[in-house]
Every structure is written in structure tokens, then in C-alpha cells.
Amino acid sequence: MSTDLDLSGEDRTGTGRATGTGQYVVKALAHGILIVASALAIIPFAYALLTSLKPEEKIFSTMAQIIPAEPTVMNYVNIWMQNPLDRWIFNSLLLSAGVVFFTLLLDSLAGYALAKGDFKGQRFVYLLVVGTLIVPPQAIVVPLYIEMSQFKLVNTYWAVMFLYIANPFGVFMMRQFFLSVPDSYLEAARMDGCSTLQIYTRIMLPMAKPALSSLAVFTFTFIWGAFLWPLIILSDSAMYPLQVGLAGLTGQYSSQWGQLMAAAIIAALPVITAYLLAQKTFMEGIALTGSKG
Amino acid sequence: MISPATLAIVPLKIGTAGLNEPVWTGVIVFGFVTLAIGYLAFVRREFGAGIVLKLGTVLLFLLTLLSYFWPSRPWPH
Amino acid sequence: MGKLDIRDLRKEFSDSDNVIVAVDDLNIDVKDGEFIVFVGPSGCGKSTTLRCIAGLELPTSGTILLNDDDITNQSATNRDMAMVFQNYALYPHMTARENMSFGLRMGTDLPKDEINERVQDTAEMMGIEELLEKHPGELSGGQQQRVALGRSIVREPEVFLMDEPLSNLDAKLRTTMRTELQELQQRLGVTTIYVTHDQTEAMTMGDRVAILNDGRLQQIGTPLECYHEPANEFVAGFIGSPSMNFIDVSMRSDTEELVHDRFTYPLSPETQSLIADAGASDRLTLGIRPEDIGVVVEETASSFPVTVQVVEPLGEVSYVYFNLGDGTTYTVSVDGDVLIEEGTTVHIEFPEDKIHLFDGKTGTAIKNRTAPKEMALDQQSV
């Protein structure tokens, strides 16, 4: 029976490469555009990082000198000691953890039902979900505040989280992912003896790992940067997430640019970490879904 | 008949935390997410959990502890 | 034991306003250990039938019996059947081993080491032990196919259901797998229902072939029965490659001849009485397979001349195309040694023992060619 098992090499040759100088010009142009775009994204961040390492009193006198002569971490120490930065970071992490987890859970369930389910009003529900995407959040801030105050949830962590859990974009994204999964996986699982819930937990959810991880990063970045809603609903500065806390510093420390830059760098670190971690998972995901047919 | 306001007292109480009080929301949320992610990462094989999920579980557990022991955190504030 | 009876199976799909009948009053009895092939053009209802048997679709009416137990409304999980899908449907996040053991872990309460043992045994039988720790993404199409087969074998089901399992493979591998599958089925002796649109697969693999069209069963029988004794014009045209030539003729009652613009065809008394018994109208369809048409150089009493339009030499045989002035192109298959130039005139004849006659309206077979001798002997000895 083990006749032709060494077939793994089929159709695995590299794509043919066009030759000629025209190819190099196009490549150079593409790289040029990419370099400029990356520079535009990186320069402000790099400048903030370098500035945060300069002593407070020398920032304006050494504007032209980009690399600080004597780098110092005093700005980081000062802002940490003078503000409850640890608590704000903790708050941001708490809100992110809750929102990301429940968003993934609810969005994947809803997306699965909308993609693979067969029930009356499916299309209507889908349109309703997608329809909420066009409502600008700023427009409903006041009604939401009133709603939360009716539930006596003003100035609680719950109120901040409730607004972001199960966002329609995530539902849309998960639905698109599940639509791309062939029905035969569900049918194979049913033949293998899975209940509907088991199909979801054992087959669909693991298969959706790449989609889930990108949704997780997306949601995390979004919650980490959330500003308006926490600012409105929270009144106790002990419960502020980092962005709201930092915004408060802008007026207070308008002369202390070094500390502000340091705070901005601290705020950016988790998001960068999330992207780096997710990059690995994306790769894994691509390798996993490389099935034929 | 219990009014919504009465029902809301509990979440209101544990949904808020002063600067030097245990963060009960954190204990609940981090604790729950730790259990869920930990289950996926360590108990179930289907997920093929990588290092991110496993370290994430540990990190989330530490955050759960931190929520409860916030007033006695080891660094200055 | 895997005796499967399909009784009056009907499946309708309803759109918003119209009802589509996918399967219409289907009756098939599948014997234990039989390899039966459902074949037909796409949309003929063969896959729907299979999915009804699997329990993935609920039939609109009719019953499905497995070993005389009614399983029509049983869930797919409890039917003790295993299915091989066209795209294999191997779970991409599990290794081949996990894929194979998944059904046993979910569907049965076998102990772990017995599951492992069964997976190991099956893998050895299929020659895929070295692939067990790999993910489907790392396997080639043929290897995925083997793992998918192994996954259904390991379950030791009553019935195997296969939905075009070979159609994603390249032509060469398909031929190899065809034989392998057949051997495997004979060794295991498990009742197998195999759906395909490829008549070569149907002819070569099946113990019996069920030919479906428009949701209706056209004919069920051994491959050679379907080839030599098609029940109707559809089966005659579907089985065989290149397909049978159909020539519309009319019956002249006074001379008992078949008349076409280009030829008249005298009928023997036996054939005449067959036509009379069938009570067919005078519009008939004469069917003859390309390989049964005789090509003669010298004109004979029963031959008539045609002009060769195109010749397709395949080496072993050549296909010669001609027309009879009615807009249809007909095919003759001649021996590869015979060279025929395009544009020349040849004489062809239809031997009476090789022709088929179909009712011009209903397409039902009135007369089939006489079955080959060897086959008749075979049937007697069985």
C-alpha cells in the first residue's frame, strides 16, 4: 500500500521570476515608497523616545542634537513617582482583558451563528449588526451615560467594559472567517459524533485561531487607546485607564515635556508587545490553515 | 419586587475601587479570564496552545493576585 | 452487517417561492458488503441522496433502513457510518493521528489505549504511519486522501459513504487510488456507497452502479449491464466514452423499415415484434456505440456512404466524425491501424445485433444489443 507516498514535493516549486531592468526599477520604487511610509510612522515615535531620555532642562536647548548626550531615565522615574501610573496601567490592563476576552467569545459565537447557522431572520440580524457600524459612537455618548446612570453603573469598571464588549466589527470579521470554512468540516465533525456546541469548541474555535488573534490585537489596541467613554463615565481618578490619566497630565505638566514623552512611550509599549506576539501567532495560523481543497 | 437600583448595589460596590483598595472587578475579570485561557492552553489539546497563551495565563494569574493585594503592592505609591 | 434499504426517498429544497425536487422517489437496496456507485451528471441528486443516508439532510419523505432498522430520523452521529469528503475535511489544527482518533474519542467511549491501537493498526494498513504526527497542511493531496480514508476506516462503521473522494487528485494518482480503494473495500468487506460524476470510476469500481438523473433512478445494475443493456436513452448516452450515437429515425409501417433521410434500415422479424410489443410510436431513436459501427471500403447491401469530417487519431484507436445532414455529429471508432483521411467518403453499416432502439418520446429502451457471449457464460457460472 505504501507506494507513492513521497508526493509532498508536488506543486511546490517557487514562482517564476521575471527578469530585466524594468523589474528593478519597479522594485526600487516600491521599496522607496515603503521606506518613506515607515519613516513617517517611526520618526515621531523615535523622536519621542530620544527626547524622553534627555534631562528636562536640556530638551529645548538641545533640539538640534537628536541623540541625547547624556541619556537619563529620570523622566521615567519622576512621572512614575509623581502619578499613580501603575494604577492607570493596571486599570487599562483590566479593562482590556475583560473586553478582549468577552469580545472574542461573543463575536465568534455570533459570527459562527450568522455564517453557518440556519434560522429565521438570520439576514435581518446580520444587517442589524452591521448597521450599528455606521452609528458614530460620539453621537450616542449621552444616551449611554443616562442608561448607565439608570443602572447605577456610573463610575464603575463595568460601565466602561459593557460598551466595548461584542463589537459589531468583530462579529462581521468572524462571520467572514467562518464563511470561508467549508461546510464539510462541520459535517465531518457531526459524523464524528460532535454536538453543535462541540463542533464550535473543538473544531471551529481552534480553526479560527488566526482570526481570533487578529481580532484580539485589534480589540486590545482599540481599548488601550479608548479615551472619550472612560473619561465621561469614570469620575474617580483611581479608576482611570492610562490614556485618560495621561491626558490629565498634559495641562498640569505643560512645561515638562520629558515626562510627557516618557509617559507616551510607556503607554505605547503594551500595544507594540501585542503586535509582536501576534505576529508569531499569525504565522502559525497561516501554516495551520494551509490545507488543500 | 426588587428594584433595579437594589440589584445594582452589588455591581456598583465591586465595580468601583479607590486608590488603595483591593480591586474586586479585577479579581473577578482577571480570575475568570485566567481560568478560561488556562483551560484552553493547558487542558484542551485542540487549541495547540503556543507560548503566548501559556505565558498569558501566568501573567493573568499574577494580575488576579495583584488585584486582590493591590493595597499591599511592593512598589512605592 | 451493513444492509441498507432506501425506500421511496424524496428530498425537496424550497426556495422563497419555488420547490426544487432533488431526489424523487428513490428505491435502492444495498446488500451487505456491496460496493455501489451513484453516478450521474451534476445536480442529479446523487450527493443529496448520500447526505440523506449520512443524516446530514433530512429527507422530505421516505425511509432509510439500516439492517432493517429505521434510521431516517436518527442523527448523523448515531448512524454508525463514516464519510469521506471531496475536500477530505481533515481538521487543520489536528495532526493526522488526532484526526483519525477524533471520531473514536467523540463518538465512542473506548479506552484510550484501544483507540491508539486501532489508529496504529489502520495507519499500518494504509501505509501512513510516518505521517501520523503531521498536520494536514504538511501533507500532499494523495497523503491527505489516505489519512481521510484512514479516519473513516478506524471507526469500523457499518457503511462507508464517499462523496467524490478522488476528484481533487491529479489523473495519475486518481487511477492508483481507484485500485487501492477497491482492494481496500474488498478486504474490509464494508458496504460502501460511492458518489461520483466520473463514469470511468463508476464502471471500474462498483459491484453495481446506480445511474441517476434529475433526482430519479434511471437504472441500477452491474457496470456491464448498464453498458450493454441500458434501460433508456439517458443511461445509454451517459455510460461509455465516446458516448453512443443517437439517430432519430421513423418507422415505416408498410415496409417495416427504419427511415432516415440518408438511409433506410431493414428490420428483422424479431426486432419488428419487439417494437410492436413495446407499443411505441413511429418516432424511434436508433442508438449505436462508436465502436460497433462497421466501416467498409466497398459498398455492401446494408451500408451507406458518409463523408469524413474530422479524424482524431489516439494511437490505439481513431475517432472518425461524420454527419448525416441533421446537424448532429456522429462518431465512429476505428482501429488505430486503419488510416482514414479527412474529407474522404467511407461506407458505414450498423450490425443489427449491435443496435439499440429507444422510444422517440419516452427514451425507454425497446431493443438492446445482444450481450457479449463471455458475459452470458459468466452469469451462468455465478
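Residues numbered from 1 in each chain as written. Chains lettered and ligands numbered in written order. Predicted model: local features only at pLDDT ≥ 70, side-chain atom pairs only at ≥ 80, totals over all residues.

### Topic: the overall build of chain C
Thinking step 1. A count of helical and extended segments in chain C gives 10 helices and 21 strands.
Thinking step 2. Judged by the C-alpha coordinates and their principal axes, chain C covers about 80 × 50 × 45 Å.
Thinking step 3. Put simply, of all contacts in chain C between residues at least 6 apart along the chain, 65% involve residues at least 24 apart. (Helix = DSSP H or I, 4+ residues; strand = E, 2+ residues; numbered from the N terminus. Contact = placed C-beta atoms within 7 Å.)

### Some details on the pairing of strand β4 (residues 61-66) of chain C
Residues and elements named next belong to chain C.
Thinking step 1. For strand β1 (residues 4-14) and β4, the ladder comprises five bridges, and the chain directions are antiparallel. Looking across to β4, one finds that D5 is bridged to L65.
Thinking step 2. Here β4 pairs with strand β5 (residues 69-70) via two bridges, running antiparallel. Of the residues in β5, the one forming a bridge with L66 is D69.
Thinking step 3. In this antiparallel pair of consecutive strands, β4 and β5, the connection spans two residues, and N67 shows a positive phi of 50°. (Pairing = 2+ DSSP bridges.)

### Re the interface of chain A and chain B
Thinking step 1. Contact residues are listed per partner, giving 26 residues for chain A and 28 residues for chain B.
Thinking step 2. Among the elements of the structure, α3 (85-116), α6 (157-164), α9 (196-207) and α13 (257-288) of chain A are those that each provide at least two residues to the side of chain A that touches chain B.
Thinking step 3. With eight residues, the single largest contributor to the side of chain A that touches chain B is α3(A).

### Concerning the UniProt feature "transmembrane region" (unreviewed entry) in chain A
All names here are of chain A.
Thinking step 1. Mapped onto this numbering, the UniProt entry gives "transmembrane region" (unreviewed entry) at residues 28-50, 88-112, 124-146, 158-181, 211-232 and 257-278.
Thinking step 2. As annotated, residues 158-181 comprises 79% helix and 0% strand, and the C-alpha atoms at either end are separated by 35 Å.
Thinking step 3. Between the end C-alpha atoms of residues 257-278 there is a gap of 32 Å, over a span that is 100% helix and 0% strand. (UniProt positions renumbered as here; feature names shortened; annotations may be inferred.)

### Here we look at the confidence of the model for chain C
Thinking step 1. When pLDDT is averaged along chain C, the result is 88, and 97% of the positions lie at 70 or above.
Thinking step 2. Quick note on the complex model: pTM equals 0.79, ipTM equals 0.87. (pLDDT = per-residue confidence, 0-100.)

### A closer look at the domain arrangement of chain A
Note: interface size is frequently given as the accessible area lost on complex formation between the parts.
Residue and element names in this part refer to chain A.
Thinking step 1. Here chain A is described as being made up of domain 1 (21-77) and domain 2 (84-288).
Thinking step 2. Using C-alpha coordinates to define each centre, domain 1 is positioned 31 Å away from domain 2.
Thinking step 3. The partner domain 2 presents eight residues to the nine residues of domain 1 that form the contact.
Thinking step 4. At the level of secondary structure, the elements contributing two or more residues to the side of domain 1 that touches domain 2 comprise α1 (21-52) and α2 (74-82).
Thinking step 5. The biggest single contributor to the side of domain 1 that touches domain 2 is α1, with four residues. (Domains from an automatic or database assignment.)

### Focus: the domain arrangement of chain C
Thinking step 1. Here chain C is partitioned into domain 1 (4-228) and domain 2 (243-381).
Thinking step 2. Placing the centre of domain 1 of chain C and that of domain 2 of chain C at their C-alpha centroids yields a distance of 38 Å.

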